[in-house]
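# Residue-level structural notes
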Amino acid sequence: MKNLLKLSALASASLLLAAPSSAQTTLKLSHFLPSVHGIHTDFIVPWTKQVTQCTDGEVQFEIFPGGTQLGNVAKQQEQVLAGVVDIAHGLHGIPRGRFPRTSLIELPFLTRDAGDASETLWELYPEYLAPEYQNLKVLALHAHNGGLVHTSEKKVETMEDMAGLRLRTPSPAISDMLTALGATPQGLPPGAVYENIQKHVIDGTVFPWDPVKSFGLNEVLKYHLDAGAYTVPFFFVMNQRKYDSLPANVQTCIDNASGASLVANFGDWWDKWDAAGRKEAVEANHVITELTDAERKRWRETLQPTIDAYIERTSEQGVDNAREIYERMAELLSEKRQ
């Protein structure tokens, strides 16, 4: 009997040794936007396919978009840090206060262009922004095109029209801007805006054009002021320990699909996504107004004390070179506009 057991064990061991070992790795990737959004269709899905193809199928991906168990906008950073997911795309301003250096890009009238803003963030990352990304492998930083003021029942053309409006805000910097302009900011995740406008809890929101379409907001909006007054940044990051644990060839494939070459796409992508949202509003006979040069000048002058106060507050919160970062952002963005 003992000999039979020994032979059986040896046979099993031989089979295990002979069986081909699978080196395939499945990485979990989460983001907070719906699967119809361009972030998912034009960026996330093609990025995963590029890495999979580069690794000859060694790396596969499981994607969790908004609306899934891992698609909560407020949890993207903590999920990737905790290893619940391996890679996440998130919004810097939710939850508040975690990325004070990066969030300086949100200050009013720095930029209206997603491409310029995204490239500026990437250029600033190594020297100025890196301390905010401890234990994270930063794959890309980017921002959206200049945001608009969208309202359901009241047309906005001037600063006076902003008075008393309850508007959804994405971050503290934009909240300060809205308050200085006379509005009342309301902190809500993007996916909650439709219901709150529909129920008249809020009067509107600030967004670029693309989420207006992807969240169906043209159904509950009527007026759009193209102010181009702000942008907000996004992160695309990976758990550093997970990245370090991967074979060198996989790391190379991830690196080649990320960084400057990836960041360079966001300008064209956002123009495409915004065009679709604006087209939908035009077809619905909405009223679209451009902020006049004179009114823009008034907004800039009114908001300057708010900008200075925000930078000072950021300095007091431990970012000693906040003014330097802001001025370097402004310098790089000015160079790109020339």
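Description of the structure in this document. Per chain, residues are indexed from 1 in the order of the written sequence. For a predicted model such as this one, the threshold for reporting local features is a pLDDT of at least 70, and the threshold for listing and counting side-chain atom pairs is 80 or more; totals across whole chains, interfaces and linings nevertheless cover every residue. Side-chain metrics rest on all non-hydrogen atoms present in the structure, leaving aside hydrogens and water.

### Quick look at the sheet that holds strand E4 (residues 136-143)
Taken in spatial order, the five strands line up as E2-E1-E3-E10-E4 in an open sheet, and their pairing is mixed. Since the sheet does not close on itself, it has two edges, and those belong to strand E2 (59-64) and E4, each with one partner. Neighbour to neighbour, the strand axes of the sheet diverge by 20 degrees on average, direction disregarded. Here, strands pair whenever DSSP counts at least two bridges between them. Runs of E in the DSSP output that reach at least two residues are strands. Runs of H or I that reach at least four are helices, and both are numbered from the N terminus. Judged from the six bridges that link them, strand E1 (residues 25-30) and E2 form a sheet pairing that is parallel. Looking across to E2, one finds that Thr25 is bridged to Val59. Whether two residues are in contact is decided by their heavy atoms, any of which lying within 4.5 Å being enough. Throughout, an axis means a line fitted to C-alpha atoms (over the contacting stretch in the case of helices), and angles, computed between N-to-C directions, take values from 0 to 180 degrees. Helix H4 (residues 114-129) rests against E4 and strand E10 (233-239) of the sheet, and its axis sits at about 145 degrees to E4.

### Description of the state of the cysteines
Two cysteine sulfur atoms make up a disulfide if the distance between them is within 2.5 Å. Tallied over the full model, the rule gives one disulfide. The disulfide bridge from Cys54 ends at Cys253, spanning 2.0 Å between sulfur atoms. Judged by the sign of its S-S torsion, about -75 degrees, the cystine formed by Cys54 and Cys253 is left-handed. Placement of the pair is Cys54 in helix H2 (residues 38-54) and Cys253 in helix H9 (residues 248-257), with a sequence separation of 199 residues.

### With respect to the nonpolar core
Side-chain atoms within 4.5 Å link the members of a nonpolar core, which is a set of buried Ala, Val, Leu, Ile, Met, Phe, Trp, Tyr and Cys residues. Working definition: with a 1.4 Å probe on protein chains only, accessible area under 20% of the residue-type maximum means buried, over 50% means exposed, and in between means partly exposed. One finds Phe43, Trp47, Ile87, Met162, Phe236, Ile254 and Trp299 to be the most contacted residues of the largest nonpolar core, which totals 63 residues. Per-element tally for this core: the top contributor is H2, with five residues. Not counting residues within four places of it along the chain, the set of residues in contact with Ile254 comprises Trp47, Val51, Leu139, Met238, Tyr243 and Leu246. In this structure, Phe99, Tyr128, Leu129 and Leu332 belong to the second largest nonpolar core, which totals 34 residues.

In short, geometric facts, not functional conclusions.
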